[in-house]
There are 4 protein chains.
Amino acid sequence: MNTAVGNRIAIFGASGYAGGELVRLVDAHPSMEIGYLGAHSRSGSELREVHPHLPGGNRELGSLNPDRAQGMDLAFLALPHGASALLASELAEMGVAVVDLGSDFRMDTPQRYREAYGADHPLPEQLSGWVYGLPELFRDRIIGASRVAAPGCYPTAASLALAPLAAAGVIELEGIVVNAVSGISGAGRGVKSELLFGSIDESVSAYAVGTHRHRPEMEQVLDDMTGGTSSLSFTPHLVPMQRGLLATCHAKTSRDTSEVLEVLHAAYGNEPFVEVVDAPPATRWVVGSNRCLIHAVVDSHTSSVVVVSVIDNLMKGAAGQAIQCANLMLGNPEDSGLPLAGWMP
Amino acid sequence: MNTAVGNRIAIFGASGYAGGELVRLVDAHPSMEIGYLGAHSRSGSELREVHPHLPGGNRELGSLNPDRAQGMDLAFLALPHGASALLASELAEMGVAVVDLGSDFRMDTPQRYREAYGADHPLPEQLSGWVYGLPELFRDRIIGASRVAAPGCYPTAASLALAPLAAAGVIELEGIVVNAVSGISGAGRGVKSELLFGSIDESVSAYAVGTHRHRPEMEQVLDDMTGGTSSLSFTPHLVPMQRGLLATCHAKTSRDTSEVLEVLHAAYGNEPFVEVVDAPPATRWVVGSNRCLIHAVVDSHTSSVVVVSVIDNLMKGAAGQAIQCANLMLGNPEDSGLPLAGWMP
Amino acid sequence: MNTAVGNRIAIFGASGYAGGELVRLVDAHPSMEIGYLGAHSRSGSELREVHPHLPGGNRELGSLNPDRAQGMDLAFLALPHGASALLASELAEMGVAVVDLGSDFRMDTPQRYREAYGADHPLPEQLSGWVYGLPELFRDRIIGASRVAAPGCYPTAASLALAPLAAAGVIELEGIVVNAVSGISGAGRGVKSELLFGSIDESVSAYAVGTHRHRPEMEQVLDDMTGGTSSLSFTPHLVPMQRGLLATCHAKTSRDTSEVLEVLHAAYGNEPFVEVVDAPPATRWVVGSNRCLIHAVVDSHTSSVVVVSVIDNLMKGAAGQAIQCANLMLGNPEDSGLPLAGWMP
Amino acid sequence: MNTAVGNRIAIFGASGYAGGELVRLVDAHPSMEIGYLGAHSRSGSELREVHPHLPGGNRELGSLNPDRAQGMDLAFLALPHGASALLASELAEMGVAVVDLGSDFRMDTPQRYREAYGADHPLPEQLSGWVYGLPELFRDRIIGASRVAAPGCYPTAASLALAPLAAAGVIELEGIVVNAVSGISGAGRGVKSELLFGSIDESVSAYAVGTHRHRPEMEQVLDDMTGGTSSLSFTPHLVPMQRGLLATCHAKTSRDTSEVLEVLHAAYGNEPFVEVVDAPPATRWVVGSNRCLIHAVVDSHTSSVVVVSVIDNLMKGAAGQAIQCANLMLGNPEDSGLPLAGWMP
């Protein structure tokens, strides 16, 4: 399934939903091959027990010992918040390139980290050594980098919707409102009462109202793109579906719809994975794909623009984006091994 | 099932989802009984063919001829936009009290109607004769009224969340952002490709971005409550569930969470169907019930309040609220025949 | 909500799905009122924390101490397998009538119990003191009884489909095949990985293939009705929905469809909760209702009849049927407090 | 995406669910490329309007004119029953290899066709020129064939479960009972009231009880494999999910579980797409994959074996199997372009 001369890849955190997607994508990648699979509580299990949809022989999940990645080209870390920092640091010292899908190294300063996570960073001096892995906005920094922190699913959808407009000065940086809905896989694979089918099916709820830790990450991206200081309000919601994420972003603007669309088309006209679309997109259109679809309308009644973006939270919002970053880091074609087509119905 | 001395009720539009709920609720109401069931395209069908979950003998759906409601105490109209105006007018002339679940008589002026629906009202001189049927805000007007226009599901959820805060001067009337998600029953029972299971399941989409006709209705309520002029941006979304509606409302405020909650508790402390709750509510908590749950948090970072409200779009958002209005019009206890308990799982 | 002279009811196991339905039904019952709510692990919790869809003031869940039901008219037990036996025995000694929704007292002999559950019954001498609570088949035994073991959801659906045909000698007692699908609430409220939304949604699986413990219970009913010895093969499946159960039952017959229907109509023509229908029924038609719908077709190609029956597993398959039994035990009208209408959509 | 020297492929019926999967699979196939896309009512539409999940430029759907496939290597027909016969005949005369995913040429004799479809075949003399496209059972006939009729989804699942056992004489050919559940995509993309989300979600129903036209197709496979005469009863059900199909097959046997498993392992040990598994499989394990998983248990109580098989009805049950056949017809590796990994969650 892989060429002999491919990149050897370690995946730490292979037992979660994002980890499973990484295994699937690397298995099918034309120039990557899996060199090691590590997990925490499921260490010692067969891959097929943990991910019964992933065949391919008897593959055992090992531990999270970084030494097991010795000599690999790159390691993906798909671990809970707080579990990546030390491991990432050790891998980097071993000369293994790292894409961390977790949140430990996304913030650019210790202050921003504390604002987001309410605690001090364990290795604050290392924060500046990491690149934020959103290729459409920061491609130049990612090419050839060895330490990339891939964004969360909500910031990916919101940033792709808002950042070009902010950078072009088309929207105001204050008073931005981001509402988003996510499929349940975004909440992880933990065995919790509130994630039972009987709790989730046929129901919607908001969570972390006013306090979600992805809000500072979104502001950081807008500040980075503009040199200004943004402030936004973010409210996430869980909806009864497995995958898919939709962000509805409101910002003040004095422009009309065509001016807004012009900026978005200029930003994404040549991007393989981002498309500006004429009708409000459904999340299902991108499930299974690494694409992000963006739709924008100016509501002149309130002098605001509504930008709607959709992604697959496990693809462009996690594993797909991590592969996209890894391609740039390792010198592969950026879209290598990344499906454009989704799955319907 | 009904007492001999109950209110005799006609239901026009009994074949749709809201019509089915009206039949179910009136059948179980201690002082109402069904006197006539009318429908448009399903006229001539047995009720049980159209609503296989509603037993109770062989009941045929008749036409939309208003004469069939002669002598009834009250008629519910659950018809598409534009189909109520003439029928409602004729019923009112016959002395039959009317609760219109449709949108024809919700607007208070011909101007507001034109803004919402993009056309002139067919009977503009009659608009002022109708009362807006949201009991928690306009109870005094509804008691004993003979023509009540019940609100739409989105305006019910948004108005209950925002109106007390607006009336108390706690939030700014400009720059309000309302995002809402609704189960599919809110889109009606039309046989359309975009409402197939294969289109809706496992997907979310926004619709009518920047143009939804419920937006002026929401502003009308806030203006009525405050004497001011509000402006808000409204974006509705469809999510893959049958019932349930959640509105996430953002408004500028200089107050803190406890001050906001104080206003809401004062407004709803004695209401049987509205409750202020400490945690973000799930729509499933109110499906099958006429309740509305409200949760509010001030985000001091952006000086805004986020108010989340949930209802069952077919109950408090349609049939339940219509029964509640009818109870007030006919002198019944307001909560008569209206379940508080929902259905889980 | 209840009359002053109603039956006082204790519910042990009020925190599960069936327990929640019992609370909802007793709250709305015209001649029952809740006297005590007991639970195991959720003892000490507020009812509203455990069942957020059930309002009605601050009600705390107590322990499973039988003394708390002293002086009550009847106790419902909705506890896991094995947890009812001793408690039921103590309640019965206290003179409290008992409806056990669990499986401890359903089998008529210690031998049958051992066959079903693979262990000896803890109180084998008491088995004969219990009545099997399927009113349509054993009404005379239930009227005035003080110890009733309500059937499981699968045996209810299969027995209502097959028992009249067996009793009339229309089908062979050997070679019966019952396949059934159930909504997830039938699997209970346990917090297990295999019941997560991410595991259940968009998936179907069979379970307990060849070994399900409800099989001997189904055979017992057929044997009781016929005096013969039946043998059947039963395979249950979980499908991604909250409620609803459909049984597809195959049996050998030499009759044609009209003869089979004649037997079914004769058996159920006067039953309030069982209806023979002309088209294959959908489970949704009975969700929220205590009804069972039955459809039968003879496949002359294989000389067999296919009988399809649908119920709401938490209503006619659990709490509704328990109320129906309690009505018969306490001298209430059999259909008192039991909805015929379901909920759609 | 395709090599220069690949097989040129026409797809007639590209607008349906199976057609969309064919486009997706051919687009990703290493040695196939799309030469023509035809449709009936959606002729003239852009592919992206019809299948918004399939990007890849502006591709228009043409008509069903066979001339448009002139010079192509192979045509897939994914058309409604009855729409393939003439088109297939014309394509074959033009020298284009044909895989018909429809039912027109699956039956081996005009008599069997009439039994299944209740009408005479329009081109009865051509039936014998077609090969039944189930590679695991009839690989030798498919290799190099030019006219292949791919099986329906239900017969694929049932035949893979039963045929090796029948061929080995391990089960009786009479009295077989097949129950199956299918996701909604199996019912096609027609805009019908009974396929609305509001009708399907949270509900299960049986259909075509005693009369489904796939039953004779299943018997034909067993008869072909054994030289005997089988008779089976088949009942299909729709469950609320997009994809996936599970067949639960009962047959009389005098063997035990280990003997049954031995036969199945011998039959499928070297098959890339069929696997015998130890635990009851969930349909989700194979959604997106071309795999079929089979689980078997002998119920000694009734001397019968229960064989459960799961497939993705649009993959191994339609488009995936068609590609597998085409690979054999065109000399490609059998598994070329066919994913083993599925998608979870």
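Just so you know, these numbers come straight off a predicted model, no measurement behind them. (Residues numbered from 1 in each chain as written. Chains lettered and ligands numbered in written order. Predicted model: local features only at pLDDT ≥ 70, side-chain atom pairs only at ≥ 80, totals over all residues. Heavy atoms only, no water.)

**Quick word on the overall build of chain A**
So, point 1. Secondary structure assignment for chain A yields 10 helices and 13 strands.
So, point 2. A compact globule built from 345 residues would reach a C-alpha radius of gyration of about 20 Å, and chain A, at 19 Å, matches this within 12%.
So, point 3. Seen through its C-alpha atoms, chain A measures out along the principal axes to roughly 60 × 45 × 40 Å.
So, point 4. Burial statistics for chain A: of 345 residues in total, 65% are counted as buried.
So, point 5. Within chain A, counting contacts between residues at least 6 apart in sequence, those at least 24 apart form 71% of the total. (Helix = DSSP H or I, 4+ residues; strand = E, 2+ residues; numbered from the N terminus. Rg over C-alpha atoms; globule rule 2.2 N^0.38 Å. Buried < 20%, exposed > 50% of the residue type's maximum accessible area, 1.4 Å probe, protein only. Contact = heavy atoms within 4.5 Å.)

**Digging into the side chain of Asn179(B)**
So, point 1. Secondary-structure assignment places Asn179(B) in strand E7 (residues 176-182).
So, point 2. Discounting chain neighbours no more than four positions away, the residues touching Asn179(B) are Asn179(A), Thr248(A), His250(A), Thr235(B), His237(B), Leu246(B), Ala247(B) and Thr248(B).

**Some details on the relation of the copies chain A and chain B**
So, point 1. Screw-axis analysis of chain A against chain B gives a translation of 0.0 Å along the axis, an RMSD of 0.0 Å, and a rotation angle of 180°. Here the two chains are linked by the operation of a two-fold rotation axis.
So, point 2. Of the interface residues in chain A, 100% have counterparts in chain B that sit at the interface too, so the contact is made through matching surfaces. (Least-squares fit on C-alpha atoms with pLDDT ≥ 70 in both.)

**Looking at the sheet that holds strand E5 (residues 131-132) of chain B**
Residues and elements named next belong to chain B.
So, point 1. If you walk across this open sheet you meet the 6 strands as E2-E1-E3-E4-E6-E5, and the pairing is parallel. Two strands lie at the open edges of the sheet, namely strand E2 (32-38) and E5, each paired on one side alone.
So, point 2. Where strand E1 (residues 7-12) and strand E3 (residues 74-77) come together, 4 bridges link them in parallel fashion. Residue Ala 10 lies in a different strand from E3, and its bridge partner there is Ala 75.
So, point 3. With respect to the sheet, helix H10 (residues 315-330) is in contact with E1, E2, E3, strand E4 (97-100) and strand E6 (147-149), its orientation differing from that of E3 by roughly 160°. (Pairing = 2+ DSSP bridges. Axes fitted to C-alpha atoms, helices over the stretch in contact; angles between N-to-C directions.)

**Structural notes on the pairing of strand E2 (residues 32-38) of chain D**
Residues and elements named next belong to chain D.
So, point 1. The element E2 is largely enclosed, with a buried count of 5 among its 7 residues.
So, point 2. Bridging between strand E1 (residues 7-12) and E2 involves 6 bridges; their strand directions are parallel. In the sheet register, Asn 7 faces E2, and the bridge partner there is Met 32.
So, point 3. Between the parallel pair E1 and E2, the chain is carried across by helix H1 (residues 17-28), and the sense of this crossover is right-handed. (Right-handed = clockwise from strand over helix to strand, strands pointing away.)

**Thoughts on the relation of the copies chain C and chain A**
In this structure, two copies of a chain are linked by a rotation about an axis accompanied by a shift along it.
So, point 1. Laying chain C over chain A is done by rotating through 180° and shifting 0.0 Å along the axis; what remains is an RMSD of 0.0 Å.
So, point 2. The fraction of interface residues of chain C whose copies in chain A are also interface residues reaches 100%, indicating that both copies meet through the same surface.

**Some points on the interface of chain A and chain B**
So, point 1. Contacts between chain A and chain B engage 46 residues on the former and 46 residues on the latter.
So, point 2. With both sides pooled, the region where chain A packs onto chain B buries about 3,400 Å², and carbon together with sulfur makes up 61% of that total.
So, point 3. Joining chain A to chain B, the criterion identifies 0 salt bridges.
So, point 4. On inspection of chain A and its partner chain B, the count reaches 16 residue pairs in polar contact (both at pLDDT 80 or more).
So, point 5. Residue assignment for the side of chain A that touches chain B shows that the elements contributing at least two residues are strand E7 (176-182), strand E8 (205-206), helix H8 (215-226), strand E9 (232-238), strand E10 (245-252), strand E12 (292-299) and strand E13 (304-311) of chain A.
So, point 6. In terms of residue class, the side of chain A that touches chain B is made up of 19 nonpolar, 18 polar and 9 charged. (Buried area = accessible area lost by both parts, 1.4 Å probe. Salt bridge = Lys/Arg side-chain N within 4 Å of Asp/Glu carboxyl O. Polar contact = N/O pair within 3.5 Å; in protein donor to acceptor, adjacent residues only side chain to side chain. Nonpolar A, V, L, I, M, F, W, Y, C, P; charged D, E, K, R; others polar.)

**Digging into the packing of helix H6 (residues 153-167) of chain B against helix H8 (residues 215-226) of chain B**
Residue and element names in this part refer to chain B.
So, point 1. Taken N-terminus to C-terminus, the directions of H6 and H8 make an angle of 25°; their axes are 9 Å apart at the nearest point. In terms of orientation, H6 and H8 fall into the roughly parallel class. In this structure, H6 crosses over H8, and the sense of that crossing is right-handed. Between H6 and H8, the residues in contact are Tyr 154, Pro 155, Ala 158, Ser 159, Leu 162, Ala 163, Ala 166 and Ala 167 and Glu 217, Met 218, Val 221, Leu 222, Met 225 and Thr 226, respectively. (Parallel < 35°, antiparallel > 145°, perpendicular 65-115°, else oblique. Left-handed = near helix turned anticlockwise from the far one by under 90°.)

**Quick word on the pattern of salt bridges**
So, point 1. Tallied over the entire structure, the rule returns 64 salt bridges over all chains.
So, point 2. Salt-bridge contacts for Glu219(B) lead to Arg215(B); the nearest nitrogen and oxygen are separated by 3.0 Å. Taken together, the residues span about one helical turn, with Glu219(B) and Arg215(B) both in helix H8 at a distance of 4 residues. The pair Glu219(B) / Arg215(B) is uniform in exposure class, with both members buried.
So, point 3. A salt bridge links Glu217(D) to Arg106(D); the shortest N-O distance between them is 3.4 Å. Highlighted residues: Glu217(D) in helix H8 (residues 215-226) and Arg106(D) in the loop between strand E4 (97-100) and helix H4 (110-117), separated in sequence by 111 residues.

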